[in-house]
Amino acid sequence: MAYTGALPKQRGFGETTRSDAWWIQPLLVFLGFSAFIVYSTWAAFQGTNSAQCYYWYGENGANYLSPFYSPELFGSAQHPGIFGVAPGWWPGWLPFSPAFLIMWIPAGFRFTCYYYRGAYYKAFWADPINCAVGEPRKTYLGERYFPLIIQNIHRYFLYLALVFILILGHDAWKAMWFADAAGTKHFGVAVGTIVLTVNVVLLAGYTCGCHSLRHLIGGFLNSPSKAPVCAKGYSCVSCLNRRHMLWAWMSLFWVGFTDVYIRLCAMGIWHDLRFFIF
């Protein structure tokens, strides 16, 4: 006999039978994301001032570059980039910052990340605001239509993000070589080099735990025993993926802190402590 009972009534927005403080998690996510978005946007626009170069610290032979500006394709007169200063094709009415050319890549990778989708869907769009809590919308179109269809390009941002890990790793390596008065470089370790190295490690842990990378390495395997190398790679990515949320938040915080550290050192507010130089 067919079931003819009525469907349960849809909950109104915020309506729930949960007795716990379910609103704390989306609130913290909202505050955390908002703080990072505001700060990173502000930091990117600081590069529009050609008279200041606080995203790079070069006192006493140091060579620290903020991850918000790396790779620095075009720089300022104070610190020229790979291809010199601001390009001639840049519109004169539009402020130029080296960060504008590259920040869209890590931002796009995080925005389309499978973990971050669930996090900001709840925190910003209340879609739903939390499990078993009423949401404001009545229908669901999925990610087949604009603008959510752009979430499907996450795998392509992954390829670019992996390149960024190599670039930031090279930046951390360069930061370990300090120039003396004669221009000779000596290997050393300072607080800044540790900050930059930890930043690479955390970003690599987040990026290499990506769901798309796991699928790329071993998602097509029907018999892992027939492809042991792929199976091992799949297991490694899965190990990082189990803590994907933790890697995501730690790397988000640390990349912001790295910019803060370099900026305050460049402004003379903080002083970079050096442990040893050979």
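Residues numbered from 1 in each chain as written. Predicted model: local features only at pLDDT ≥ 70, side-chain atom pairs only at ≥ 80, totals over all residues. Heavy atoms only, no water.

Participant: What is the right way to look at the packing of aromatic side chains in this model?
Facilitator: Aromatic ring pairs: the centre-centre distance and the angle between the two ring planes describe each pair. Taken as a whole and judged by the stated rule, the model has 35 aromatic pairs. Taken together, a centroid distance of 6.4 Å and an interplanar angle of 70° make the contact between Trp104 and Phe157 edge-to-face. Taken together, the residues span a long stretch of sequence, with Trp104 in helix α2 (residues 104-111) and Phe157 in helix α4 (residues 154-174) at a distance of 53 residues. Since its relative accessible area comes to 13%, Phe157 is described here as buried. One aromatic cluster is present, built from ring pairs that chain together Phe30, Phe33, Phe109, Tyr115, Tyr116, Phe124, Tyr206 and Trp249. (Phe/Tyr/Trp six-rings, centres within 6.5 Å; stacked < 30°, edge-to-face > 60°. Helix = DSSP H or I, 4+ residues; strand = E, 2+ residues; numbered from the N terminus. Buried < 20%, exposed > 50% of the residue type's maximum accessible area, 1.4 Å probe, protein only.)

Participant: Is there a simple way to think about α2 in this case?
Facilitator: Residues that lie three or four places apart on an α-helix share one face, since the helix turns once every 3.6 residues. What α2 keeps buried is the set Ile105, Gly108, Phe109 and Arg110. Check the buried side of α2 and you find it contacts α3 (114-125), α4, α5 (191-207) and α8 (244-266). (Contact = heavy atoms within 4.5 Å.)

Participant: When you look at a nonpolar patch on the surface in this model, what are you seeing that I'm missing?
Facilitator: A cluster of nonpolar side chains, Trp23, Ile24, Leu27, Leu28, Phe30, Leu31, Ile37, Phe124 and Trp125, forms an exposed patch at the surface whose accessible area comes to about 860 Å². Among the elements of the structure, α1 (24-46) and α3 are those that each provide at least two residues to the nonpolar patch. (Patch = residues over 30% accessible without salt bridge, like charges linked within 9 Å, V, L, I, M, F, W, Y side chains within 5 Å. Areas by Shrake-Rupley, 256 points an atom, 1.4 Å probe, with all protein chains shown as cover. Salt bridge = Lys/Arg side-chain N within 4 Å of Asp/Glu carboxyl O.)

Participant: What should I look at first to understand the pattern of salt bridges in this one?
Facilitator: A side chain with one charge may pair with a side chain of the opposite charge, provided their charged atoms come close. This structure, assessed with the given rule, holds 2 salt bridges. Across the pair Lys174 and Asp171 runs a salt bridge, and its minimum N-O distance is 4.0 Å. Pair noted here: Lys174 and Asp171 are both in helix α4, with a separation of 3 residues, about one helical turn. The class for Lys174 is partly exposed, based on a relative accessible area of 35%. Linking Arg263 and Asp259 is a salt bridge whose minimum nitrogen-to-oxygen distance equals 3.3 Å. Of this pair, Arg263 and Asp259 are both found in helix α8, 4 residues apart, which corresponds to roughly one turn of the helix.

Participant: Can you help me understand unusual backbone geometry in this one?
Facilitator: If a residue is not glycine, its phi is most likely negative; likewise, a peptide bond is most likely trans. The step from Ser70 to Pro71 runs through a cis peptide bond, and the omega angle for that step is 0°. Relative to the elements of secondary structure, Pro71 occurs in the loop between β2 (64-65) and α2. Even without a glycine there, the phi angle at Asn60 is positive, about 55°. If you trace the backbone, Asn60 turns up in the loop between β1 (56-57) and β2.

Participant: Is there a simple way to explain the packing of α4 against helix α6 (residues 211-218) in this structure?
Facilitator: When two helices pack together, their arrangement is given by the angle between their axes and by how far apart the axes lie. Contact geometry of α4 with α6 gives a least axis separation of 9 Å together with a crossing angle of 90°. Classified by the angle their axes make, α4 and α6 are roughly perpendicular. On α6, the residues touching His154, Arg155, Leu158, Tyr159 and Leu162 of α4 are Ser212, Leu213 and Leu216. (Axes fitted to C-alpha atoms, helices over the stretch in contact; angles between N-to-C directions. Parallel < 35°, antiparallel > 145°, perpendicular 65-115°, else oblique.)

Participant: Can you walk me through the packing of α2 against α4 in this structure?
Facilitator: It is the contact of α2 with α4, at a shortest axis distance of 9 Å, that shows an interaxial angle of 130°. As judged from the angle between their axes, α2 and α4 are oblique. Here α2 runs over α4; the crossing is left-handed. Contact residues: α2 offers Trp104, Ile105, Pro106, Gly108 and Phe109, while α4 offers His154, Phe157, Leu158, Leu160, Ala161 and Phe164. (Left-handed = near helix turned anticlockwise from the far one by under 90°.)

Participant: Whenever I open this one, the side chain of Asp272 confuses me. Can you help?
Facilitator: Relative to the elements of secondary structure, Asp272 occurs in the loop between α8 and β5 (274-277). Of the buried charged residues, Asp272 lacks a salt bridge, with Arg274 as the closest side chain of opposite charge at 4.4 Å. For Asp272, the side chain forms a polar contact with the side chain of Tyr64, separated by 2.6 Å. For Asp272, the side chain forms a polar contact with the main-chain nitrogen of Gly192, separated by 2.9 Å. When neighbours within four sequence positions are excluded, Asp272 is seen to be in contact with Tyr57, Tyr64, Ala190, Val191, Gly192, Tyr261 and Cys265. (Lys, Arg positive; Asp, Glu negative; His and termini not counted. Polar contact = N/O pair within 3.5 Å; in protein donor to acceptor, adjacent residues only side chain to side chain.)

Participant: I'm lost on α5 in this one. Help?
Facilitator: Between its first and last C-alpha, α5 extends 24 Å over 17 residues, near the 24 Å set by a 1.5 Å rise per residue. The element α5 is extensively covered by neighbouring structure, given that 12 of its 17 residues are classed as buried. (Expected span 1.5 Å × (residues − 1).)

Participant: Explain the sheet that holds strand β4 (residues 185-190) to me, please; I cannot follow it from the model alone.
Facilitator: The strands making up a sheet associate through backbone hydrogen bonding, with each pair oriented either parallel or antiparallel. Reading across from one edge, β3-β4-β5 is the order of the 3 strands in this open sheet, with antiparallel pairing throughout. Of all the strands in the sheet, just β3 (177-179) and β5 have a single pairing partner and so form its edges. If you compare each strand with its neighbour and ignore which way they point, the axes differ by 45° on average. Alignment of β3 against β4, held across 3 bridges, turns out to be antiparallel. Across the sheet, the residue bridging to Phe178 is His186, located in β4. (Pairing = 2+ DSSP bridges.)

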